[in-house]
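Close look at the chain arrangement
The primary structure of each chain is shown beneath.
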Amino acid sequence: MDVSQATADRIFEAACTATFRRTNLGLQAEVKDGSYTYYVQAGDEFLACIDGRDGYGGAEYVFTNATPEQDRALREAIASQDLE
């Protein structure tokens, strides 16, 4: 399932101020939007993406790539974080 472009735009914009943590899949942040928590991944080999969400009914698989501009803005924001 894909999310709407408007939702994806909100999620990627909010991810620029989210705290990322290192996982075995790369960097990940959780972004809340409405009744959902979206998972934003920023790996080394691909554009950042939304890769799943949790909500009242449980986990759902959703996937949407960031645009190159969103990816660039997100990575600039991540670079300013002090990641462990």
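So, here is what we can say about the structure in this document. (Residues numbered from 1 in each chain as written. Predicted model: local features only at pLDDT ≥ 70, side-chain atom pairs only at ≥ 80, totals over all residues. Heavy atoms only, no water.)

The next thing to look at is the overall build of the protein. Looking only at helices and strands, the protein has two helices and five strands in total. Across the protein, helices and strands are ordered from the amino to the carboxyl terminus as α-β-β-β-β-β-α. By principal-axis analysis of the C-alpha atoms, the protein measures approximately 35 × 25 × 20 Å. Burial status across the protein gives 39% buried among its 84 residues. Sequence separation of at least 24 residues holds for 40% of the intrachain contacts in the protein that already meet a minimum separation of 6. When the accessible surface of the protein is summed, it comes to about 5200 Å², and 49% of that surface belongs to carbon and sulfur atoms. Charge-centre separation for the protein: the mean point of 7 positive side chains lies 2 Å from the mean point of 15 negative side chains. (Helix = DSSP H or I, 4+ residues; strand = E, 2+ residues; numbered from the N terminus. Buried < 20%, exposed > 50% of the residue type's maximum accessible area, 1.4 Å probe, protein only. Contact = heavy atoms within 4.5 Å. Areas by Shrake-Rupley, 256 points an atom, 1.4 Å probe, with all protein chains shown as cover. Lys, Arg positive; Asp, Glu negative; His and termini not counted. Charge placed at Lys NZ, Arg CZ, Asp CG, Glu CD.)

Checked against the element boundaries, G26 lands in strand β2 (residues 26-33). In this structure, the C-alpha to C-alpha distance between G26 and V40, residues 14 residues apart in sequence, is 10 Å. Other than its neighbours up to four places away in sequence, G26 contacts R21, A42 and G43.

Turning our eyes to something else, we now look at the pattern of salt bridges. Enumeration over the complete set of coordinates arrives at three salt bridges. D33 is paired through a salt bridge with R10; the nearest N and O atoms lie 2.9 Å apart. With D33 in strand β2 and R10 in helix α1 (residues 5-15), the pair connects residues that are 23 residues apart, well separated along the chain. Of the charged contacts in the structure, one is a salt bridge between R53 and E60, with a shortest N-O distance of 2.6 Å. The partly exposed category is assigned to E60, whose relative accessible area is 32%. (Salt bridge = Lys/Arg side-chain N within 4 Å of Asp/Glu carboxyl O.)

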